[in-house]
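What follows is the residue order along each chain.
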Amino acid sequence: MRLELWTEGKEASLGEILDARERRGEIQRELMKEKPASLVSFTLNIPGPVKTFPFGVWLFDVGNKLIQQAVKEEEGEIIYSLENRENTGCESFYSLTLSPEKIKRSLTTAEDKHPLGRLFDFDVLDSTGRKVSRQELGFSERKCLLCGEPAFYCSRSRRHSAKEVFHREIQMMENFYIERMASHIGLLMQKSLLYEVNATLKPGLVDRAHNGAHQDMSLITFADSAYALTPYFIQCAREGLAFSGKKEELPGLFKKLRVLGIEGEKNMREATGGANTHKGMVFSGGIFCCCAGYGAGSLKADFRDNDFPKILGEVCRSLTANLMEDYKGLEERGPRTHGEKLYTEYQVEGIRGEAWRGFPHVLERGIFYFEKLLKKGYSLNDAGLLTLLQYISSVEDTNMIIRSDYHTVLKIQKELEQFLKTSGPEEQLEIIPALDAYFVKKNISPGGSADMLALTYFLHFLKNIQCPFETFDTERGECVETFR
């Protein structure tokens, strides 16, 4: 991560900080006039003069969601809430129907168990304005982040400098952000693989209806493969998130992905009994997870932004800038893989060319067509099938060529492209069974196009499912990953 983007902020003077503290007390007293059962006042424990900075604002949002989650779990209601995001620090207030002891217990558990709980300061006031303490509910004193001694004594004696404590807090935020976001991205890729294989009916491909043109694969094989590859996808996302180099240094990161990919493919084949279920996604999915991680960590990109596919494409092009060098020297040494043979004979660049160009089929056209179909009311399944047809008609799908021949695939694509231009979505869905029957008969499988569909699902989920940083199981005392 480029930490300078996450930690820079304007300094607040001591006078401004003291004035803000006084205003906070005034707000509490004003809110207490309405006699709520309890009042939660939330701030962050940030030492030093810089109180508001990107990482701090992100952490503040996590804390607010923890409060809202706790209120929901305790079956209470928020009567009124107020939020301030000033240069002197972020703060929020919640008037609740819950008893002060109940909400204080829940939030104190979060303070003690959440990985970043030590940075939260949840003050709870009862109906008289009295602050409920941790100790009266049986909780121990809060510990110092650096030495583990009671925080009160370290603070009072100034045992540690504000700079030391701030550095430790940033380290905690960075580690948690990277691990949580990496898991989120990797699990979304897993989800995307499962949605792709379950999309039915796909011409010549494994789905819920049949095994298509495949004898050695099934729905279960693909599910086993998706689960086996999940740690690999998480690691690819982690590498992208942790990368702190310049954009021009990204090709070096791609070399690391290739090493990870070898191990990922090995795990995939072990899980499938040797079947090559997701070899293409080891390559493409790994790149997308890494680029998404880099975007979230070093660019602070918002996955929900309509410009994110463009940003992802730019990162991908930088990452794979040297990829086409794979084809150098083929005339001298001769082609050794199916892809190299197709490049030598027909200049088919396949997935290497697609990645080198920044996956234009997905990031410049496919995802927008897919989302347009969803807005028209088509299901994730049918929107996926219609988008798949677009990919089959245009992508250099080496899997199709290998299982057929170059000229046959060109003929299929030309005829399909013409049909798609002159027909509507309903007609296109109706033609799929016939196209499937033809592909199965001819043993054609558009596996490369299916990979593009999986990447499309991934982008859709990435945009619509936010990383649940705040999801916290109070009973187990740990964060849990959920899809909502």
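All of these numbers come straight from a predicted model, not from anything done at the bench.

Caption draft 1: Spotlight on the nonpolar core. Core analysis: the largest hydrophobic core is formed by 124 residues, its most contacted members being W58, Y177 and F288. Element by element, the count of residues in this core is highest for helix α6 (residues 162-198), at 14 residues. Once residues within four sequence positions are removed from consideration, F288 is found in contact with M189, L312, F359, V362, L363, L455, F458 and L459. One finds I27, M32, L39 and F93 within the second-largest nonpolar core, a separate group that totals six residues.

Caption draft 2: Inspection of the pairing of strand β3 (residues 89-96) at higher detail. For β3, the buried fraction is high: eight of the eight residues fall into the buried class. A two-sided burial pattern is seen for β3, the buried positions comprising G89, E91, F93 and S95 on one face and C90, S92, Y94 and L96 on the other. By the bridge criterion, six bridges tie strand β1 (residues 38-44) to β3 in an arrangement that is antiparallel. Bridge pairing in β3 places F42 opposite S92. Hairpin connection from strand β2 (residues 78-86) to β3: two residues lie between these consecutive antiparallel strands.

Caption draft 3: Geometry of the packing of aromatic side chains. As enumerated under the stated definition, the model contains 28 aromatic pairs in all. Relative to F176, the ring of W58 lies with its centre 6.3 Å away and its plane at 40°, an arrangement referred to as tilted. Of this pair, W58 sits in helix α3 (residues 54-73) while F176 sits in helix α6, and the two are 118 residues apart along the sequence. Ring geometry for F288 and F359: centres 4.9 Å apart, planes at 90°, overall edge-to-face. With F288 in helix α9 (residues 279-298) and F359 in the loop between α13 (350-356) and α14 (360-375), the pair connects residues that are 71 residues apart, well separated along the chain. F288 sits in the buried class, given a relative accessible area of 1%. Connected via pairs of aromatic rings, a cluster forms that spans W6, F55, W58, F176, Y177 and F469. In this structure, K191 packs its charged tip against the face of F461, placed 5.1 Å from the ring centre. For K300, the ring lying beneath its charged end belongs to W6, and the centroid distance is 5.8 Å.

Scoring rules and cut-offs
Residues numbered from 1 in each chain as written. Predicted model: local features only at pLDDT ≥ 70, side-chain atom pairs only at ≥ 80, totals over all residues. Heavy atoms only, no water. Core = buried A, V, L, I, M, F, W, Y, C linked by side-chain atoms within 4.5 Å. Buried < 20%, exposed > 50% of the residue type's maximum accessible area, 1.4 Å probe, protein only. Helix = DSSP H or I, 4+ residues; strand = E, 2+ residues; numbered from the N terminus. Contact = heavy atoms within 4.5 Å. Pairing = 2+ DSSP bridges. Phe/Tyr/Trp six-rings, centres within 6.5 Å; stacked < 30°, edge-to-face > 60°. Lys NZ or Arg CZ within 6 Å of the ring centre and 35° of its normal.

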